[in-house]
Amino acid sequence: MTATIISGKQVSEEIRGSIAGEVRALAAKGVVPGLAVVLVGEDPASQVYVRNKEKACHDLGFYSEVHRLPAETSQADLLALVDRLNRKGDIDGILVQLPLPGHIDEKAVINAIAVDKDVDGFHPVNVGNLVIGDDSLLPCTPAGVIELIKRAGISLSGKHAVVIGRSNIVGKPVSLLLQRENATVTMCHSRTERMAEIARQADVLVVAIGRANFIDASYVKPGAVVIDVGMNRLENGKLAGDVDFESVKEVSGPITPVPGGVGPMTITMLMQNTLIAAKRHHGLV
Ligand code: GUN
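Residues numbered from 1 in each chain as written. Predicted model: local features only at pLDDT ≥ 70, side-chain atom pairs only at ≥ 80, totals over all residues. Heavy atoms only, no water.

The environment of the ligand is formed by L95, V96, Q97, L98, D120 and F122. Taking V96, its main chain carries an N or O atom lying 2.8 Å from a nitrogen atom of the ligand. Between the ligand and Q97, the relevant distance is 3.2 Å, taken from a nitrogen atom to a side-chain nitrogen or oxygen of the residue. Within the complex, the protein chains bury 79% of what would otherwise be the 280 Å² of accessible surface of the ligand. For the shell around the ligand, the residue count by class is four nonpolar, one polar and one charged. (Near = heavy atom within 4 Å. Polar contact = N/O pair within 3.5 Å; in protein donor to acceptor, adjacent residues only side chain to side chain. Areas by Shrake-Rupley, 256 points an atom, 1.4 Å probe, with all protein chains shown as cover. Nonpolar A, V, L, I, M, F, W, Y, C, P; charged D, E, K, R; others polar.)

This brings us to the side chain of D120. Positionally, D120 belongs in the loop between α4 (106–112) and α5 (124–132). Notably, D120 is buried but unbridged: the nearest opposite-charge side chain belongs to K53, and the N-O separation is 5.8 Å. Among all residues touching D120, those that are not within four sequence positions of it are L95, V96, L138, P139 and C140. (Helix = DSSP H or I, 4+ residues; strand = E, 2+ residues; numbered from the N terminus. Buried < 20%, exposed > 50% of the residue type's maximum accessible area, 1.4 Å probe, protein only. Lys, Arg positive; Asp, Glu negative; His and termini not counted. Salt bridge = Lys/Arg side-chain N within 4 Å of Asp/Glu carboxyl O. Contact = heavy atoms within 4.5 Å.)

What follows deals with the sheet that holds strand β2 (residues 63–69). Taken together, the three strands give an open sheet; going across it, the order is β2-β1-β3, and neighbouring strands pair in parallel fashion. One side of each edge strand has no neighbouring strand; the edge strands of this open sheet are β2 and β3 (93–96). When strand polarity is set aside, the average angle formed by the axes of neighbouring strands in this sheet is 15 degrees. Bridge count for strand β1 (residues 34–40) against β2 is seven bridges, and the pairing is parallel. For A36, the partnering residue across the bridge sits in β2 and is E65. Packed onto the sheet, helix α10 (residues 262–281) meets β1 and β3 and runs at close to 130 degrees relative to β1. (Pairing = 2+ DSSP bridges. Axes fitted to C-alpha atoms, helices over the stretch in contact; angles between N-to-C directions.)

A word on the state of the cysteines. Tallied over the entire structure, the rule returns zero disulfides. Take C140: it sits in no disulfide, and the sulfur closest to it among the cysteines is that of C57, at 12 Å. Owing to a relative accessible area of 6%, C140 belongs among the buried residues under this scheme. (Disulfide = S-S within 2.5 Å.)

This part takes up the layout of surface pockets. Estimates place the volume of the largest pocket at around 1,500 Å³. Around the largest pocket sit 48 residues that line it, and Y49, T141, M231, G263 and T266 are the ones nearest its centre. Contributing elements (two or more residues each) for the lining of the largest pocket: α1 (8–28), α2 (44–60), β3, α6 (140–151), β8 (232–233) and α10. Here the element with the most residues in the lining of the largest pocket is α2; it accounts for ten residues. Here the second largest pocket is characterised by a volume of approximately 420 Å³. As for the second largest pocket, its lining consists of 17 residues, and the residues nearest its centre are I110, F122, P124, V127 and N168. (1 Å grid on protein atoms, 1.4 Å probe; cavity = no way out; pocket = protein on both sides within 12 Å on 5 of 7 lines; lining within 4 Å. Points joined across faces, edges and corners; volume = space filled by probe spheres on them.)

Moving on, we get to the confidence of the model for the chain. Looking at the chain, pLDDT values average 97 and 100% of them are 70 or higher. Within the chain, strand β4 (residues 160–164) carries the highest mean pLDDT (99), whereas β8 carries the lowest (94). (pLDDT = per-residue confidence, 0-100.)

With that settled, consider the UniProt feature "domain: Tetrahydrofolate dehydrogenase/cyclohydrolase NAD(P)-binding" (unreviewed entry) in the chain. Per the UniProt record, the feature "domain: Tetrahydrofolate dehydrogenase/cyclohydrolase NAD(P)-binding" (unreviewed entry) sits at residues 139–281. Between the C-alpha atoms that bound residues 139–281 the distance is 19 Å, and the span itself is 36% helix and 15% strand. (UniProt positions renumbered as here; feature names shortened; annotations may be inferred.)

This part is about the pattern of salt bridges. Summed over all chains, the structure comprises 15 salt bridges. The shortest N-O distance in the salt bridge between R68 and E54 comes to 3.3 Å. One end of the pair, R68, is in strand β2; the other, E54, is in helix α2, and 14 residues separate them in sequence. Owing to a relative accessible area of 48%, R68 belongs among the partly exposed residues under this scheme. Taking relative accessible area as the criterion, E54 reaches 30% and is therefore assigned partly exposed. Residues E250 and K249 are paired through a salt bridge, measuring 3.4 Å at the closest nitrogen-oxygen approach. According to the relative accessible area criterion, E250 is partly exposed, its value standing at 41%. Owing to a relative accessible area of 14%, K249 belongs among the buried residues under this scheme. Put simply, E14, E147 and R151 are held in one network by salt bridges that share partners.

Right under this line is the structure:
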């Protein structure tokens, strides 16, 4: 039997529709959410991401500023820009596109972003609040994974979720969010022994390892939910997930495709974070 496909594109459009509605209501009160995106250098993938973020702002009625800086920009100049954006009244969210050129200390830049404008959810204070379960701006891809699962009508409470990958951007935060939804969470990573055996115990399998088509049907319990966070560019230019979709969909339950799964959710959650930050800045929540 072939599995149900969870369409991130469709869910993303639904959420964007409600964000656009909220933006219109805010506009009537004279509030326009503002996002500043900073891109240093000319990494081709980053250029595409930044253009997509700019387009999302335009489509949803946000104010946006994109600061494109040369690759040689000094750390001091970048920090000065972040400081200026922190103090700018029409900017509610700041995103510095990663990776940064090697001579810049990414941690120093992330730490310089005002906690209440950190719409990536990467600042240590937001990460700490996530760990202890306090209100915080949530990292976009992990928040998108949870939203996709919930909107597909899948209950996480009491389920065994296995997360493959332990990055700060996806694996660690998605594990915490799954736990917050009352799942029982196991984390696997590159040193895990008997990974397929563990993965096969998952009711919900979330994969974020950055290796094209790595997870085949031997990792999947029949009927399990499979969420593929991978975005790997193949030599032929095509995009592939971490999951071998064609073989896995024959055994799994609901599964996300690549492209059109988790990917579209990331920018949508960025827009949602910017909206939340704007409402907080104007005392509307
Ligand atoms: N580069 C790849 N993904 C991301 C992301 O979610 N945020 C930022 N700032 N940079 C990225």
